[in-house]
Structures are given as structure tokens and as C-alpha cells.
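The residues making up each chain are set out below.
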Amino acid sequence: VQLVESGGGLVQAGESLRLSCVASERTFNNYAMAWFRQTPGDRAYVAGVSSSGATTDYAPSVEGRFTISRDNAKNTVYLQMSNLKPEDTAVYYCNAGGKIGVWYDWWGQGTQVTVSS
């Protein structure tokens, strides 16, 4: 399965971005999805997750600012990021799993988000 992230860029603090992740898997709707983010020298941390039933949950640091949505017809999951902060600067990856917390090794190339102060 291939996951292709896009939508990153350089923005100023307070601005918004929407990331997209397109999956090659036709049974996309059966999978839980997650957005991870990683800064240099650190591991990837979960920013938010979506169950196959579209129930979402977020890391406390992004709660209220990030929203995950999915379009199963397009095999796409989105991460709408609002009120961005410099500490949100990271490479963002999506991944899939049979259930939340059990992620497959289907990492894409990621998309860089840089937030300037």
C-alpha cells in the first residue's frame, strides 16, 4: 500500500494548512488512519487519529486546532491545521492500521510543515 502526503509548506504563526494523504488501497475505509509528525533527531509522534468509523482523537498539543477528516470515496485523509504555531514545525506523515494504535509500516515520504514566528 502506498501513502502519499501533500499540502505542507511554509506559513506564519496563526495561519492554516490542510494536508492530504492519498492511499492506493481500495479498502481504505476499513483502516484506522493517523497523522504523525516528526522533528529532526526525534521519533514520530501521533498528532491525531481517525478510526475506520471516523471517530477522531488528538494529541493535547493540537486539540482544538487540528481536525482529521476522511473521504473514503477518494481514499484520502486530511489534516486541517489552524492557528499554527512554530512548535508545529515538523515532517508530517500519515499511516494506516487495522485499529487505532496498531499501525502498519506503510510510511510515505511525508510533507514538511514549517511555521515561522
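Look above for the structure.
Residues numbered from 1 in each chain as written. Predicted model: local features only at pLDDT ≥ 70, side-chain atom pairs only at ≥ 80, totals over all residues. Heavy atoms only, no water.

1. Quick word on the state of the cysteines
What counts is decided by this rule: By disulfide we mean two sulfur atoms from cysteines, separated by a distance within 2.5 Å. Helix and strand definitions here come from DSSP, where helices need a minimum of 4 consecutive H or I residues and strands a minimum of 2 consecutive E residues; each element is numbered from the N-terminal end.
Evaluation of the coordinates by the stated rule reveals one disulfide. Between the sulfur atoms of cysteine 21 and its disulfide partner cysteine 94 the distance amounts to 1.8 Å. Given an S-S torsion of about 50°, the disulfide between cysteine 21 and cysteine 94 has right-handed geometry. Note that cysteine 21 is positioned in strand E3 (residues 17-23) and cysteine 94 in strand E9 (residues 90-99), a separation of 73 residues in sequence.

2. Quick word on the pairing of strand E5 (residues 45-50)
Within a regular strand, side chains alternate between the sheet's two faces. Selection criterion: By definition, two strands form a pair when at least two bridges between them are found by DSSP.
For strand E4 (residues 32-38) and E5, the ladder comprises five bridges, and the chain directions are antiparallel. Looking across to E5, one finds that phenylalanine 36 is bridged to valine 46. Here E4 folds back onto E5 in antiparallel fashion, the turn holding six residues, of which glycine 41 has a positive phi close to 80°. Here E5 pairs with strand E6 (residues 56-58) via three bridges, running antiparallel. Considered in E6, the bridge of glycine 48 is made with tyrosine 58. Hairpin geometry of E5 and E6 is characterised by an intervening segment of five residues between the two adjacent antiparallel strands and by a positive phi of about 75° at alanine 54.

3. Some words on the packing of aromatic side chains
Geometry of an aromatic ring pair is reported as the spacing of the ring centres plus the angle between the planes. Put simply, the test is: Any pair of Phe, Tyr and Trp rings, taking the six-membered ring for Trp, is counted once the centres come within 6.5 Å. Such a pair is stacked with planes under 30 degrees apart, edge-to-face with planes over 60 apart, and tilted for the rest. Exposed residues in this analysis have more than 50% of their type's maximum accessible area, buried residues have under 20%, and partly exposed residues fall in between, with area computed by a 1.4 Å probe over protein chains only.
Counted by the stated rule, this structure contains six aromatic pairs. Between phenylalanine 36 and tryptophan 103, the ring centres sit 5.9 Å apart and the planes meet at 85°, which makes this aromatic pair edge-to-face. Residue phenylalanine 36 is found in strand E4, and its partner tryptophan 103 is found in strand E10 (residues 102-103); the two are separated by 67 residues along the sequence. Where tyrosine 93 meets tryptophan 107, the ring centres are 6.0 Å apart and the plane angle is 85°; that geometry is what we call edge-to-face. Here the residue tyrosine 93 occupies a position in strand E9, and tryptophan 107 occupies one in the loop between E10 and strand E11 (111-116), the gap between them amounting to 14 residues. Given the relative accessible area of 16%, tyrosine 93 is considered buried. On the basis of relative accessibility, which here comes to 38%, the residue tryptophan 107 falls in the partly exposed class.

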